[in-house]
Amino acid sequence: MKKKAFTLFSTLILIFIFSILIVSIFETKSMNSINIQKQYSYIQAKNHLAFLEEYITKQKDLKTIKKIEIQDNHFNILADITKKDKNYEANLYIKSKLHNISVHKKILIK
């Protein structure tokens, strides 16, 4: 009777230890997945910023453009353009709707 009770007790202890290890492994994999998603969003935001900067600098006449807002499912993309002396200054803002990621850049356009 003592052997059966010891075997049952040791089996329960082993199941408990392995379940804790499995939960810990899944939590680690979940955190890695979230970090990869945030890294992907940051790279995508930088790509949007580069595109917006290139688009604005290639515009021939900025007199009529004060604000550019692009609709996207995952990002808020905004550019505020103001005239400073003979040049134009543009503030570019990219913010992710899914993660806490935002990118800002100020450019001077001659």
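Chemist: I tried to follow the overall build of the protein on my own but got confused; where do I start?
Modeler: Across its full length, the protein holds one helix and four strands. Ordered by position in the sequence, the α and β elements of the protein form the string α-β-β-β-β. Expected size for 110 residues packed as a compact globule is a radius of gyration near 13 Å; at 27 Å, the protein overshoots this value by more than 25%. If one aligns the C-alpha atoms of the protein with their principal axes, the spans along those axes are about 95 × 20 × 15 Å. Put simply, the protein has 110 residues, and 23% of those count as buried. Relative to all contacts within the protein whose residues are 6 or more apart in sequence, the contacts with residues 24 or more apart total 36%. Across the protein, the centroid of the 19 positively charged side chains sits 10 Å from that of the 9 negatively charged ones.

Chemist: Please explain the sheet that holds strand 4 (residues 102-109) as it appears in this structure.
Modeler: Adjacent strands of a sheet pair through backbone hydrogen bonds, lying either parallel or antiparallel. In space, the four strands of this open sheet follow the order 1-2-3-4, with antiparallel pairing throughout. Since the sheet does not close on itself, it has two edges, and those belong to strand 1 (67-70) and strand 4, each with one partner. For this sheet the average axis-to-axis angle between neighbouring strands, irrespective of direction, equals 10°.

Chemist: Explanation requested: the pairing of strand 1 in the structure shown.
Modeler: Every regular strand shows the same layout, with side chains that alternate between the two sheet faces. When strand 1 meets strand 2 (residues 75-84), the two strands line up antiparallel, connected through four bridges. Its bridge partner lying in strand 2, Lys67 is registered against Asp80. Adjacent in sequence and paired antiparallel, strand 1 and strand 2 are bridged by four residues.

Rules and cut-offs
Residues numbered from 1 in each chain as written. Predicted model: local features only at pLDDT ≥ 70, side-chain atom pairs only at ≥ 80, totals over all residues. Heavy atoms only, no water. Helix = DSSP H or I, 4+ residues; strand = E, 2+ residues; numbered from the N terminus. Rg over C-alpha atoms; globule rule 2.2 N^0.38 Å. Buried < 20%, exposed > 50% of the residue type's maximum accessible area, 1.4 Å probe, protein only. Contact = heavy atoms within 4.5 Å. Lys, Arg positive; Asp, Glu negative; His and termini not counted. Charge placed at Lys NZ, Arg CZ, Asp CG, Glu CD. Pairing = 2+ DSSP bridges. Axes fitted to C-alpha atoms, helices over the stretch in contact; angles between N-to-C directions.

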